[in-house]
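Here are the chains, one letter per residue:
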Amino acid sequence: QNYYENGMILGMDYQNFNNLFISFSASYGLRRYPQAVTDADFSLYNNRNILNINLLMQIPILPRLDFNFLASYDNDRDLDSDENNTRSSIFSAEIQYQF
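All residue numbers here refer to positions counted from 1 along the written sequence of the relevant chain. Owing to the predicted nature of the model, reporting of local features is limited to residues with pLDDT of at least 70; listing and counting of side-chain atom pairs is limited to 80 or more, with chain, interface and lining totals taken over all residues. Side-chain calculation: all heavy atoms of the structure are included, whereas hydrogens and water are not.

Novice: What am I meant to see in the side chain of Asn46 here?
Specialist: As for its placement among the helices and strands, Asn46 is situated in the loop between strand E2 (21-32) and strand E3 (48-62). In the analysis that follows, any N or O atom pair within 3.5 Å is treated as a polar contact, provided that within protein one partner can donate a hydrogen and the other can accept it, and provided that, for residues neighboring in sequence, both atoms belong to side chains. Looking at Asn46, its side chain comes within polar contact range of the side chain of Asp78, at 2.9 Å. Non-local contacts of Asn46, meaning those with residues more than four positions away in its chain, are made with Tyr33, Asp78, Asp80, Ser81 and Asn84. Secondary structure counts use DSSP, requiring at least four H or I residues in a row for a helix and at least two E residues in a row for a strand, with both numbered from the N terminus. It only takes one pair of heavy atoms within 4.5 Å for two residues to be counted as in contact.

Novice: What exactly am I supposed to notice about the pattern of salt bridges here?
Specialist: Salt bridges are defined as contacts in which a side-chain nitrogen from Lys or Arg sits within 4 Å of a carboxyl oxygen from Asp or Glu. Enumeration according to the criterion identifies three salt bridges in this entry. Across the pair Glu5 and Arg31 runs a salt bridge, and its minimum N-O distance is 3.0 Å. Within this pair, whereas Glu5 is found in strand E1 (residues 4-15), its partner Arg31 is found in strand E2, the two being separated by 26 residues in sequence. The cut-offs for exposure are 20% and 50% of the maximum accessible area for each residue type, with area from a 1.4 Å probe on protein chains only; residues under the lower value are buried, those over the upper are exposed, and the others partly exposed. Here Glu5 falls in the partly exposed class, since its relative accessible area comes to 37%. In this structure, Arg48 engages Asp78 in a salt bridge whose closest nitrogen and oxygen atoms are separated by 4.0 Å. Residue Arg48 is located in strand E3, and its partner Asp78 is located in strand E4 (residues 65-78); the two are separated by 30 residues in the primary sequence.

Novice: Just checking my understanding: could you explain the environment of Asn75 for this structure?
Specialist: Note on placement: Asn75 falls in strand E4. Here Asn75 falls in the buried class, since its relative accessible area comes to 10%. Sequence separation of Asn75 and Asp13 is 62 residues, and the distance between their C-alpha atoms is 23 Å. Filtering out sequence-adjacent residues up to four positions away, Asn75 remains in contact with Asn49, Ile50, Leu51, Thr86 and Arg87. Among the polar contacts listed, one links the side chain of Asn75 to the side chain of Tyr73, at a separation of 3.2 Å.

Novice: Mind showing me how you'd approach the side chain of Asn68 here?
Specialist: Relative to the helices and strands, Asn68 resides in strand E4. Of the polar contacts made by the side chain of Asn68, one reaches the side chain of Gln96; its length is 2.9 Å. When near neighbours in sequence (up to four residues on either side) are disregarded, Asn68 contacts Met57, Gln58, Ser92, Ala93, Glu94 and Gln96.

Set out below in structure tokens:
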């Protein structure tokens, strides 16, 4: 189904020579399906507002030991039906030792 989307994207990356890395991105989009049939209660082609936030970090603790962190949040709001809203969050953290 054809759609158009208007929105904003914000991003920032930082890295230094001490193995520190931070990446952040956020986007908010207004996705519209002008030709979609809206009769069905469940449709993949309903108008949506979509928020997505991602954070990735690598933080040095010791010269060979790093802390890694990942966080992702996605909120997909269906404007035509309350039944089709989706929200997901993913988090991950690890300690990495380098030989």
